Amino acid sequence: GAGVSQSPRYKVAKRGQDVALRCDPISGHVSLFWYQQALGQGPEFLTYFQNEAQLDKSGLPSDRFFAERPEGSVSTLKIQRTQQEDSAVYLCASSSGQGYNSPLHFGNGTRLTVT
Amino acid sequence: AQTVTQSQPEMSVQEAETVTLSCTYDTSENNYYLFWYKQPPSRQMILVIRQEAYKQQNATENRFSVNFQKAAKSFSLKISDSQLGDTAMYFCAFMTTYQAGTALIFGKGTTLSVSS
């Protein structure tokens, strides 16, 4: 596809369940970011990959959150033992390089609702 | 730490009129980029316009322009000839470079409603 693809588009989980959110970046894009967007708020940075290397995970809110990008393309954000405060839209973005001249391309996000 | 503040949670405008969305930011860096993103109900973030901090000239993209005041750390977005399709949430964002790469820091957003 031409853009960043995220799946599922919607996910409902019961509190305590584990979830996995997938991101397919634009082919060849080196950089990949995950953001968390609470309802009515701006996106907040979670983690950053350069190829398969996770170079920054400072935004992950707890050790229940884990992200991987094993082959430097598709990325998965996993949330273990989901809590209600995890309910949010999770956005993935990719770019062709790093630095100011590599604009981010965003996916449509996954809306996670924890009941 | 860098912060981005959007003080207008909601704005409304009539079709064909002009509206200005405000944004202020705080940083100690000298080189950075500023962005305005649009997020319609589809949730996809769409880049509207961007500004390099080292450029004094304000960026313009068709009906969208910015008023960048570096000393005041202000970065407002002006939408001229507003259209119904401009209805969306608008986010101001700041891009910083740090050791690992770059990441956008977003404001809380302004919901813009354009009515006929």
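Residues numbered from 1 in each chain as written. Chains lettered and ligands numbered in written order. Predicted model: local features only at pLDDT ≥ 70, side-chain atom pairs only at ≥ 80, totals over all residues. Heavy atoms only, no water.

Broken down by element type, chain A carries zero helices and 11 strands. For chain A, the α and β elements follow one another from N to C terminus as β-β-β-β-β-β-β-β-β-β-β. For chain A, the C-alpha radius of gyration of 13 Å lies close to 13 Å, the compact-globule estimate for 115 residues. For chain A, the C-alpha atoms occupy an extent of roughly 40 × 25 × 25 Å along the three principal directions. Looking at chain A as a whole, 47% of its 115 residues are labelled buried. If you sum the accessible surface of chain A, you get close to 5500 Å²; carbon and sulfur atoms cover 45% of it. Placing the 11 positive and 10 negative side-chain charges of chain A at their respective mean positions leaves the two points 8 Å apart. (Helix = DSSP H or I, 4+ residues; strand = E, 2+ residues; numbered from the N terminus. Rg over C-alpha atoms; globule rule 2.2 N^0.38 Å. Buried < 20%, exposed > 50% of the residue type's maximum accessible area, 1.4 Å probe, protein only. Areas by Shrake-Rupley, 256 points an atom, 1.4 Å probe, with all protein chains shown as cover. Lys, Arg positive; Asp, Glu negative; His and termini not counted. Charge placed at Lys NZ, Arg CZ, Asp CG, Glu CD.)

From N to C terminus, chain B includes zero helices and 12 strands. Listing every helix and strand of chain B by position from the N terminus yields β-β-β-β-β-β-β-β-β-β-β-β. The C-alpha radius of gyration computed for chain B amounts to 14 Å, which stays within 12% of the reference 13 Å derived for 116 residues, consistent with globular compactness. With respect to the principal axes defined by its C-alpha atoms, chain B has extents near 45 × 30 × 20 Å. Within chain B, counting contacts between residues at least 6 apart in sequence, those at least 24 apart form 54% of the total. Per element, the accessible surface of chain B, about 5600 Å² overall, is 46% carbon and sulfur. With 9 positive and 9 negative side-chain charges, chain B shows a separation of 6 Å between the mean positions of the two kinds. (Contact = heavy atoms within 4.5 Å.)

We now examine the pattern of salt bridges. Residues and elements named next belong to chain B. Evaluated as defined, the whole model comprises six salt bridges over all chains. Across the pair Lys55 and Glu52 runs a salt bridge, and its minimum N-O distance is 3.5 Å. Residue Lys55 is classed as partly exposed on the basis of its relative accessible area of 39%. Here Glu52 falls in the buried class, since its relative accessible area comes to 13%. A salt bridge links Asp86 to Arg63, with the nearest nitrogen and oxygen atoms 2.8 Å apart. Highlighted residues: Asp86 in the loop between strand S9 (74-79) and strand S10 (88-97) and Arg63 in the loop between strand S7 (60-61) and strand S8 (64-69), separated in sequence by 23 residues. Taking relative accessible area as the criterion, Asp86 reaches 3% and is therefore assigned buried. (Salt bridge = Lys/Arg side-chain N within 4 Å of Asp/Glu carboxyl O.)

Of the residues lining the interface, 28 residues belong to chain A; the matching set on chain B comes to 23 residues. Both sides together, the interface formed by chain A and chain B hides about 2100 Å², and carbon and sulfur atoms give 50% of it. In this structure, the connection of chain A to chain B is made through zero salt bridges. Joining chain A to chain B, the criterion identifies eight residue pairs in polar contact (both at pLDDT 80 or more). Counting residues per element, the ones that place at least two in the side of chain A that touches chain B are strand S4 (31-37), strand S5 (44-50), strand S6 (53-56), strand S9 (88-95) and strand S11 (110-114) of chain A. In terms of residue class, the side of chain A that touches chain B is built from 13 nonpolar, 12 polar and three charged. (Buried area = accessible area lost by both parts, 1.4 Å probe. Polar contact = N/O pair within 3.5 Å; in protein donor to acceptor, adjacent residues only side chain to side chain. Nonpolar A, V, L, I, M, F, W, Y, C, P; charged D, E, K, R; others polar.)

Shape descriptors only; they carry no functional weight alone.
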